[in-house]
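Observations on chain architecture
The lines below spell out each chain.
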Amino acid sequence: MNTEKPVRRRFAPGTTADDLKEFMEPFVDHLGYKFNTEHDFVEEVLASEIEILEREGDIYCPCRMRTGDPKEDVAVICPCIPFHTDEFAAIKKCWCGLFILKDVEDGADLLGVIDEPTGPVDVPVFKVEDLPSGQVRHVKIGKRDIAVAHAADGFYALSDVCRHAFAPLSDGFMEGHVLVCPWHGWRYDVRTGSTDHPDSDVRTYPTKVVGGEVFVTVPPRRQT
Ligand code: SF4
Ligand code: FES
C-alpha cells in the first residue's frame, strides 16, 4: 500500500522560479509591492519555495512556521501580503524581504527574515515639516484611513471616517483640538476621538515624533 502523504498540487510538476515570478508579479504589483531589488536574494528565496512546493505541495513561506492545519496555513502561502497589510506597510517589506514596497528604490537594507511583531507597530507617515500646525491630512496604513492632525501641542491620529455620513475628516478643519467635519460640521476632539453625538466617537491612535518624522502606532492586524 502506498503510505505516502498525498501532495496537493496547485502548480504543475517542474514549476520553476521564473514561473513563480510570472505568477506573483502582477498579484503583488496590485498590492503595491515588487520583488526585492537584490536579485540573488530573490533567487535564493524562490529556490527554497520550489523545494517546499515539491515536498509539501504548495509554496509555503520559507521563513515562517506552518501549524499543520491547512485552514490556518493558507496565511503562510506566498505571497502572504494580504494577511499582513498593516505590518508590511510599516516595515516596507514582507517578513522574508522577498517583496518590498514599490516606492523603495533599493531593497538591500530590507533583506532577510524578521520576527512577526506581537505588539503594536510604529509606522512612519511623514516628516514634521510636511504638516504645518493647525492642519490635518489623510494617511493610509494598510487598510486603515487615518486623519493626522497637527495641534499646537503635537500630532494626533484618529479614524478619518466621520460617524455621521462617512465624510473624510481630513478634509475638515481644525479649531484648537477640535477637528470639524467638512460635510455637516460634527466636531471631534483629536485627543480622544470623542464627539457630542451619542455612540459616535472615533478610534484614536498613538503618535510620536522621532528624528523629525511623525509615526502612528497601529495594532497588528489580528489584534484589531
Ligand atoms: S513573508 Fe514574504 S516570502 Fe514569506 S510568504 Fe510572505 S510574501 Fe512570501
Ligand atoms: S458626514 Fe460628518 S458631519 Fe455629516
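Above this text sits the structure in question.
Quick look at the structure, then. Remember, it's a predicted structure, so these values are computed and weren't measured experimentally.

Conventions and cut-offs
Residues numbered from 1 in each chain as written. Chains lettered and ligands numbered in written order. Predicted model: local features only at pLDDT ≥ 70, side-chain atom pairs only at ≥ 80, totals over all residues. Heavy atoms only, no water. Helix = DSSP H or I, 4+ residues; strand = E, 2+ residues; numbered from the N terminus. Buried < 20%, exposed > 50% of the residue type's maximum accessible area, 1.4 Å probe, protein only. Areas by Shrake-Rupley, 256 points an atom, 1.4 Å probe, with all protein chains shown as cover. Lys, Arg positive; Asp, Glu negative; His and termini not counted. Charge placed at Lys NZ, Arg CZ, Asp CG, Glu CD. Pairing = 2+ DSSP bridges. Near = heavy atom within 4 Å. Nonpolar A, V, L, I, M, F, W, Y, C, P; charged D, E, K, R; others polar. Contact = heavy atoms within 4.5 Å. Polar contact = N/O pair within 3.5 Å; in protein donor to acceptor, adjacent residues only side chain to side chain. Salt bridge = Lys/Arg side-chain N within 4 Å of Asp/Glu carboxyl O.

1. A word on the overall build of the chain
Assigned secondary structure in the chain consists of four helices and 12 strands. In the chain, which comprises 224 residues, the share counted as buried stands at 45%. About 12,200 Å² of surface is accessible on the chain, with carbon and sulfur atoms providing 52% of the total. For the chain, the separation between the mean place of its 25 positive charges and that of its 39 negative charges on side chains is 4 Å.

2. Notes on the pairing of strand β12 (residues 213-218)
Every regular strand shows the same layout, with side chains that alternate between the two sheet faces. Burial runs high along β12: five of the six residues are buried. Where strand β3 (residues 121-127) lies against β12, six bridges are found, and the strand directions are antiparallel. Among the inter-strand pairings, Val-123 is bridged to a residue of β12, identified as Val-216. Judged from the four bridges that link them, strand β11 (residues 207-210) and β12 form a sheet pairing that is antiparallel.

3. What about the site of ligand 1?
Around ligand 1 sit Glu-49, Cys-61, Cys-78, Pro-79, Cys-80, Cys-94, Trp-95, Cys-96, Leu-98 and Phe-99, and that is every residue in its neighbourhood. For the shell around ligand 1, the class distribution of residues is nine nonpolar, no polar and one charged.

4. Observations concerning the environment of Asp-160
Topologically, Asp-160 is positioned in the loop between β6 (154-159) and β7 (173-175). For the pair Asp-160 and Leu-46, spaced 114 residues apart in the sequence, the C-alpha separation amounts to 39 Å. Those residues in contact with Asp-160 that lie beyond four places of it in its chain are His-138, Asp-145, Ile-146, Ala-147, Ala-167, Pro-168, Leu-169 and Ser-170. Within the structure, Asp-160 has its side chain in polar contact with the backbone nitrogen of Ser-170 (distance 2.6 Å).

5. A few points about the pattern of salt bridges
The final tally for this structure, using the stated rule, is nine salt bridges. A salt bridge links Glu-43 to Lys-21; the shortest N-O distance between them is 2.5 Å. With Glu-43 in helix α2 (residues 39-56) and Lys-21 in helix α1 (residues 17-30), this residue pair connects regions lying 22 residues apart in the sequence. When the shortest N-O distance is used, the salt bridge between Arg-66 and Glu-56 registers 3.5 Å. Here Arg-66, found in the loop between α2 and α3 (70-73), pairs with Glu-56, found in helix α2; they are 10 residues apart in sequence, far enough to count as distant. Of the residues examined, Glu-56 reaches a relative accessible area of 27% and is grouped as partly exposed.

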